Amino acid sequence: MDIILGIKVPTNDTIKSRTSTIAKSLATSIIPRIEPTQDEIKRVEKFFSVDGELKCAYCSDPATEWDHFHPLIKDKKPSGYVTEIFNLVPCCRNCNSSKGNRDWKEWMKDSTPAKSPLGRGKDPKLIEANIDKLQEYDNNFDKRFIDWSNVDGFEEYWENYNEICKAIDKAQDQADKFKKNFKV
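One structure accompanies this document, and this report is about it. (Residues numbered from 1 in each chain as written. Predicted model: local features only at pLDDT ≥ 70, side-chain atom pairs only at ≥ 80, totals over all residues. Heavy atoms only, no water.)

## Focus on helix 1 (residues 19-28)
Inclusion rule: Here the term buried applies to any residue with accessible area under 20% of the maximum for its type, exposed to any over 50%, and partly exposed to those in between, with areas from a 1.4 Å probe on protein chains only. Starting at the N terminus, helices and strands are each numbered in turn, a helix being any DSSP run of H or I of at least four residues and a strand any DSSP run of E of at least two. The arc in question is formed by the directions pointing from the helix axis toward the C-beta atoms. Contacts are residue-level and defined by heavy atoms, with any inter-residue pair within 4.5 Å sufficient.
Of all the residues in helix 1, the buried ones are Thr19, Ala23, Leu26 and Ala27. Down the axis of helix 1, the smallest arc covering the buried residues is 95°, so these residues share one side. Where the residues of helix 1 are buried, they touch strand 6 (73-74), strand 7 (77-78) and helix 6 (154-181).

Structure (structure tokens):
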């Protein structure tokens, strides 16, 4: 019963399926967001503009949003990168939703994700040229980085996540028991 009359039926979530959302919320609530200067904006605009228009750094379609070039979250913890202009690249919706927190270069070379540039049938030569340009961006635009292991209280803060996960496990066990006993 996944599809009825050609329309997808909502699925049941498990409580445990939300642990990555909680990890992301815990992480992003402490990751700095640094407002760019006008000069920084102009540097990025000049670097990524093609004929006066911002193009997706990954596939060269018109840009509709900004993507964190280096993900803020890796393995459910802050990666060390922050939200700042030099860790953002213009991109299209397809690329942003497809890339997620994957390494940008690995993702660009992978044709498996349907919405990745190669997965959408973009010219491999264009993708290689974009990879070269992004490598230049990565090498020449310094990004701020936080070594969280040196931040006083970080491990204690992150222990909250483990406590929340324990509570979620307990709630999921209760939900599973309820489902077994329901008579509809």
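## Side note on the pattern of salt bridges
Let me state the cut-off plainly: Whenever Lys or Arg places a side-chain nitrogen within 4 Å of a carboxyl oxygen from Asp or Glu, that contact is recorded as a salt bridge.
Applying the stated criterion to the full structure yields twelve salt bridges. Across the salt bridge formed by arginine 144 and glutamate 40, the nearest N and O atoms sit 3.9 Å from each other. Note that arginine 144 is positioned in the loop between helix 5 (124-140) and helix 6 and glutamate 40 in helix 2 (residues 38-48), a separation of 104 residues in sequence. Owing to a relative accessible area of 15%, glutamate 40 belongs among the buried residues under this scheme. Residue arginine 93 pairs with glutamate 65 through a salt bridge whose shortest N-O separation is 3.5 Å. Linking arginine 93 in helix 3 (residues 93-99) with glutamate 65 in strand 5 (residues 65-68), this pair joins segments that are 28 residues apart in sequence. Overall, the relative accessible area of 58% leaves arginine 93 in the exposed class. Overlapping salt bridges bring together Glu40, Glu84 and Arg144 as one network.

## Some remarks on the environment of threonine 19
Counting through the fold element by element, threonine 19 comes out in helix 1. Through-space distance from the C-alpha of threonine 19 to that of isoleucine 168 is 7.9 Å; in sequence the pair is 149 residues apart. With sequence-adjacent residues up to four places away left out, threonine 19 is seen in contact with Lys76, Tyr161, Cys165 and Ile168.

## Observations regarding the nonpolar core
The condition that has to hold: Among the buried residues, those of types Ala, Val, Leu, Ile, Met, Phe, Trp, Tyr and Cys that are joined through side-chain atoms within 4.5 Å form a nonpolar core.
Ranked by internal contacts, the top residues of the largest apolar core, which has 22 residues, are Phe48, Tyr58, Val89, Met108, Leu134 and Tyr137. Mapped by element, the contributors of at least two residues to this core are helix 2, strand 8 (88-91), helix 4 (104-108) and helix 5. Tallying contributions element by element places helix 5 first for this core, with four residues.

## Observations concerning the packing of aromatic side chains
Applied cut-off: Each Phe, Tyr or Trp ring, with Trp reduced to its six-membered ring, pairs with another whose centre is within 6.5 Å; inter-plane angles below 30 degrees give stacked pairs, above 60 give edge-to-face pairs, and intermediate values give tilted ones.
Inspection of every chain in the model, using the stated rule, returns 14 aromatic pairs. The interplanar angle of 75° and the centroid separation of 5.9 Å between the aromatic rings of phenylalanine 69 and tyrosine 137 together place this pair among those described as edge-to-face. Taken together, the residues span a long stretch of sequence, with phenylalanine 69 in the loop between strand 5 and strand 6 and tyrosine 137 in helix 5 at a distance of 68 residues. Taking the relative accessible area as the measure of exposure, phenylalanine 69 reaches 0% and is therefore buried. The buried category is assigned to tyrosine 137, whose relative accessible area is 0%. Here tyrosine 137 and phenylalanine 141 contribute two aromatic rings whose centre-to-centre distance is 4.7 Å and whose plane-to-plane angle is 40°, an arrangement assigned as tilted.

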